Amino acid sequence: MPYPYKTFREWFTEEEEKGHVVRITRPIKCGDYDNIVDIGNGVPGKQPETEVRALVRYLHSLPGKPMGIIENPIDNRPDIPVVVNPWPTRERVFSGMGVKTKDELCKKISDARSGYIDPVTVSKSDASCKQVIIPADKIDLTKDIPRVWVEFNQLGWPGCNGIIIMRDPETGAHDLGKLRAGVFDWKDGNPDKPYPEERVRRHMIATMSPPRTGHSQSNSGRHYWSNRRQGKTTPAAYTFGNPTDVHMAASIRGLKWPDSGDEYGIVGAFRGEPMEVVESETTPGLMVPAHAEWVIEGEFLPEDEITPQCGEDLYLGYMMGGVSWPVFRVKCITHRKDPWWTPATFSSSGLNGHEGPHSGLKTLEREVDYINYLRASGFQVKDIVTNAYDGCVNIIQMEIDGAEKPSAHYGKLAAMTLLSNLATDTPPKYVIVVGPDIDPYDYTDVMWALSTRTMPISDSVALERGRGAADVGVLLNRLVSNYGEQLIIDAMIKIPERWESFPPRSDPADWERAAIKRMEAKIRGVA
C-alpha cells in the first residue's frame, strides 16, 4: 500500500514486504517482574530483567538496521507484541513519509506550513483506537499497558516516543508534541522504596522541560507552564502507534501555536487528504488520532517528580537523571483490539553508527529545518548533515565554492545564520561548512577538507557563550541554563579571502565515480 498510511500497521506491513522487519518468535525479556536483577554497568539498584537494549543493538548490527517485532515478550503483558527500532535511519523515515530524498522531504514540509488541510472527525465506531475503552475507575497501569524496561535505567520508560496532544481552549487548535512517558515503581532503583499504590496505578512521569535560559521551549511546554503558574492542570492525551507523518508533524519547530492553527492540518497537508480524528473520552473538544494503537488520556499536574541519577539515557549516549519532570495523571485508556506496543526503546548511541531506534526522525527533523531555514535566508545550500547524538555536530554542504561565492566568508555567514534559528531547541556545538565536492556524510572527506582548506584560527569563529550547545554537562544541568560554547569552522575554498586561485583536485569526486564505473565495465567486458 503506497503512502499515505492511515495506520502504523499499514506502513509496517509494507516495510515487512521489503524485508525491513525481523519477527522474533523466541521469548524476549522486556521487563520481567518475576525476576528482579541488579542493574549493572556501574548503576546502583535493581530492575525487572530485560533484553530490549541488547535486541536493538543486535538489530543495528544487521544490514539496514531493521525493525523488530517481539511476538512473545516476557513482561506484565505477554499478550501484546512489542515493536522496536522503527526509525533508526533517514531511509526508513523517507519511506514512512512517501518520499525518496531529503530534498523531497524539505519541500513537503515547507509546502505543508502554508497548505494545512483540516482533519475530519469520525465516529467512535469507525475509530480503531476506541475498540477497547478503560475508564478512570478501572485504570491500573501495572496491568493495562506493557511496562517495558531497558537495561541500565533506574526508571521504567515504556513510552519513549510518544506524541502528546493538547488543545487551546480559546481557538480549539491542537498542538502535536513529542514527549517520553515513564512509570512509577520504586525510587532510585530500590524495590524496598516503592511509590504509593495510587501513584503506581494511575500516574506517569513526562519529559516536559521547564523554561530555562537560552532554550526555545516547545508549544506544549509553554501551554503547560502557563497553566502551571496559575495552579491549573493541563488536559492532554498521549498517543502511541502512529504513522511516521504524525511524528514528523509533531517534530516541526517554529510554529507559533495556537496562532499557527491546528497542527493536525500539517498531517493533512503531508497526505493531501484530511487526517481522521475522534473526540477523546475525558476532555470535550480534544480530538485524538482515530487510528492510533493507543491513546492515554489525562492531565498534567502542577507538580514534579525528580528522576534517579541514572533514570534514563538520551541521544548523547550517557546515563542521566536528577531531573524534575511533571507528573501526568491518567484518566482513561483506549486502544485497538489486539494492540501492538510501539514506543518501547531507548538505546541511544551504541556501535554501528551511534544511532538509536528513533535517530532517523531526530536527525531529519533538524536537517530539514536547517536546510529550509538557510534556503529561505538566501543561502545556496545543497545538504546539511547532523549526527544522531543530539545534533552536536552539523555539516553544511554548499552548492557553490571558491570564486562562485557571492561574498567573502560565505561559509561563516551561513553558519552564523544557522545558529540564529531561534526555533531550534538545542543548536549544535560544532558547525562545519564545506563545498559541493565534499561528502558531508563521510567524516574522512570532511577531515580532508579541514586539513587542506582551513587555518585553525582565522577560519573559525568561537562563541564562548553560545545558545544551547549540548554536551553532557549542559544536559545534566539544563534545568538551570542552556548556554554553552560553540565553534564554527569554514572549510570552503578561501577565494577571495586569501587566494585568487586554487589548485584543482587530483582526484575530483565526480570524475572518480565515473572512472570507477568505466573501468569496472572495461575489466568485466561489459559494453
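Scroll up to find the structure.
Residues numbered from 1 in each chain as written. Predicted model: local features only at pLDDT ≥ 70, side-chain atom pairs only at ≥ 80, totals over all residues. Heavy atoms only, no water.

Draft legend 1. Layout of the sheet that holds strand E2 (residues 28-40). In space, the three strands of this open sheet follow the order E3-E2-E5, with mixed pairing throughout. Two strands lie at the open edges of the sheet, namely strand E3 (43-50) and strand E5 (73-74), each paired on one side alone. (Pairing = 2+ DSSP bridges. Helix = DSSP H or I, 4+ residues; strand = E, 2+ residues; numbered from the N terminus.)

Draft legend 2. The arrangement of the side chain of Ser460 in detail. Mapped onto the fold, Ser460 is located in strand E22 (residues 460-467). At 2.8 Å, the side chain of Ser460 forms a polar contact with the backbone oxygen of Pro456. Ignoring sequence-local partners within four residues, the contact set of Ser460 consists of Lys412, Met455, Leu487, Ile488 and Ile489. (Polar contact = N/O pair within 3.5 Å; in protein donor to acceptor, adjacent residues only side chain to side chain. Contact = heavy atoms within 4.5 Å.)

Draft legend 3. Looking closely at the pattern of salt bridges. Applying the stated criterion across every chain, the model contains 40 salt bridges. Residue Asp38 pairs with Lys46 through a salt bridge whose shortest N-O separation is 2.6 Å. Accessibility expressed as a relative area gives 31% for Lys46, which makes it partly exposed. With its nearest N and O atoms 4.0 Å apart, the salt bridge here joins Lys331 to Glu299. A residue pair is termed long-range when its members are at least 10 positions apart, and Lys331 in strand E18 (residues 324-335) and Glu299 in strand E15 (residues 294-306) qualify at 32 residues. (Salt bridge = Lys/Arg side-chain N within 4 Å of Asp/Glu carboxyl O. Buried < 20%, exposed > 50% of the residue type's maximum accessible area, 1.4 Å probe, protein only.)

Draft legend 4. How the structure looks around the packing of helix H4 (residues 102-112) against helix H10 (residues 359-376). Running from N to C, H4 and H10 cross one another at 70 degrees; their axes reach a closest spacing of 10 Å. Judged by the inter-axis angle, H4 sits roughly perpendicular to H10. In this structure, H4 uses Lys102, Asp103, Leu105, Cys106, Ile109 and Ser110 to contact H10, whose residues at the interface are Leu364, Glu367, Val368, Ile371, Asn372 and Arg375. Here the contact of H4 with H10 is composed, by residue class, of six nonpolar, two polar and four charged. (Axes fitted to C-alpha atoms, helices over the stretch in contact; angles between N-to-C directions. Parallel < 35°, antiparallel > 145°, perpendicular 65-115°, else oblique. Nonpolar A, V, L, I, M, F, W, Y, C, P; charged D, E, K, R; others polar.)

Draft legend 5. Summary view of the nonpolar core. By size, the foremost hydrophobic cluster in this structure holds 66 residues, and its most contacted members are Leu105, Met248, Phe270, Ile396 and Met398. When residues in this core are grouped by element, the largest group, six residues, is from H10. Filtering out sequence-adjacent residues up to four positions away, Leu105 remains in contact with Phe94, Met97, Val99, Met248, Leu364 and Val368. Among the nonpolar cores identified, the runner-up in size contains 39 residues, and Ile28, Met166, Tyr224 and Trp225 belong to it. (Core = buried A, V, L, I, M, F, W, Y, C linked by side-chain atoms within 4.5 Å.)

Draft legend 6. Expanded view of unusual backbone geometry. Residues Tyr3 and Pro4 are joined by a peptide bond in cis, for which omega reads 5 degrees. For Pro4, the location among the structural elements is in the segment before helix H1 (8-17). Each neighbour pair has its own omega, and for Trp257 with Pro258 the value is 10 degrees, a cis peptide bond. Within the secondary structure, Pro258 sits in the loop between helix H8 (244-251) and helix H9 (264-271).

Draft legend 7. Quick look at the pairing of strand E21 (residues 430-434). Most of E21 is tucked away, with four of its five residues classed as buried. Where strand E20 (residues 393-398) meets E21, five bridges bridge the pair, whose relative direction is parallel. Looking at the pairing, Val393 lines up with Tyr430 of E21.

Draft legend 8. Looking closely at the packing of aromatic side chains. Inspection of the entire model under this criterion finds 18 aromatic pairs. Between Phe184 and Tyr195, the aromatic rings sit 4.9 Å apart at their centres with planes inclined by 75 degrees, giving edge-to-face as the arrangement. One end of the pair, Phe184, is in the loop between strand E10 (174-183) and helix H6 (197-202); the other, Tyr195, is in the loop between E10 and H6, and 11 residues separate them in sequence. One exposure class covers both Phe184 and Tyr195, and it is buried. Seen in terms of ring centroids, Trp294 and Trp341 are 5.0 Å apart; in terms of plane orientation they differ by 80 degrees. Their pairing is edge-to-face. Here Trp341 lies in the loop between E18 and H10 and Trp294 lies in strand E15, a separation of 47 residues in the sequence. Owing to a relative accessible area of 0%, Trp294 belongs among the buried residues under this scheme. (Phe/Tyr/Trp six-rings, centres within 6.5 Å; stacked < 30°, edge-to-face > 60°.)

Draft legend 9. The environment of His335, seen in detail. With respect to the secondary-structure elements, His335 resides in strand E18. Taking the C-alpha atoms as reference, His335 lies 6.2 Å from Val295; in sequence the two are 40 residues apart. When neighbours within four sequence positions are excluded, His335 is seen to be in contact with Ser128, Cys129, Lys130, Gln131, Val132, Ile134, Glu293 and Trp294.

Draft legend 10. Local environment of the state of the cysteines. Following the criterion strictly, the structure yields zero disulfides and no others. Free cysteine: Cys332, not disulfide-bonded; nearest cysteine sulfur from Cys129 at 9.9 Å. Given a relative accessible area of 3%, Cys332 falls into the buried group. (Disulfide = S-S within 2.5 Å.)

Draft legend 11. Spatial organisation of H9. By the criterion of burial, H9 is predominantly enclosed, with seven of the eight residues buried. Within two residues after H9, Gly272 carries a phi angle of roughly 75 degrees, on the positive side.

Draft legend 12. A look at the environment of Thr13. Among the structural elements, Thr13 can be located in helix H1. Separated by 125 residues in the primary sequence, Thr13 and Lys138 have C-alpha atoms spaced 33 Å apart.

Draft legend 13. Inspection of helix H12 (residues 443-453) at higher detail. Restricting attention to buried positions, one finds in H12 the residues Asp445, Val446, Ala449, Leu450 and Arg453. Within H12, the buried residues cover an arc of 145 degrees as seen down the axis, which keeps them to one side. Exposed side chains of H12 directed beyond 90 degrees from the buried face belong to Thr444 and Ser451. For H12, the capping residue at the N-terminal end is Asp442, with a side-chain oxygen 2.9 Å from the backbone nitrogen of Thr444. (Arc of directions from axis to C-beta.)

Draft legend 14. Structural detail: the sheet that holds strand E4 (residues 67-70). Overall, mixed pairing links the three strands, which are arranged E1-E4-E6 in an open sheet. The two strands at the open ends of the sheet, each matched to only one other strand, are strand E1 (21-24) and strand E6 (82-84). Neighbour-to-neighbour, the strand axes of the sheet open up by a mean angle of 20 degrees, direction not taken into account.

Draft legend 15. Quick look at the layout of surface pockets. Estimates place the volume of the second largest pocket at around 250 Å³. Together, 18 residues line the second largest pocket, and Arg113, Arg253, Gly254, Asp369 and Asn372 are the ones closest to its centre. Of all the secondary structure elements, the ones that give two or more residues to the lining of the second largest pocket are H4, H8 and H10. Sort the elements by how many residues they give to the lining of the second largest pocket and H10 lands first, with six residues. (1 Å grid on protein atoms, 1.4 Å probe; cavity = no way out; pocket = protein on both sides within 12 Å on 5 of 7 lines; lining within 4 Å. Points joined across faces, edges and corners; volume = space filled by probe spheres on them.)

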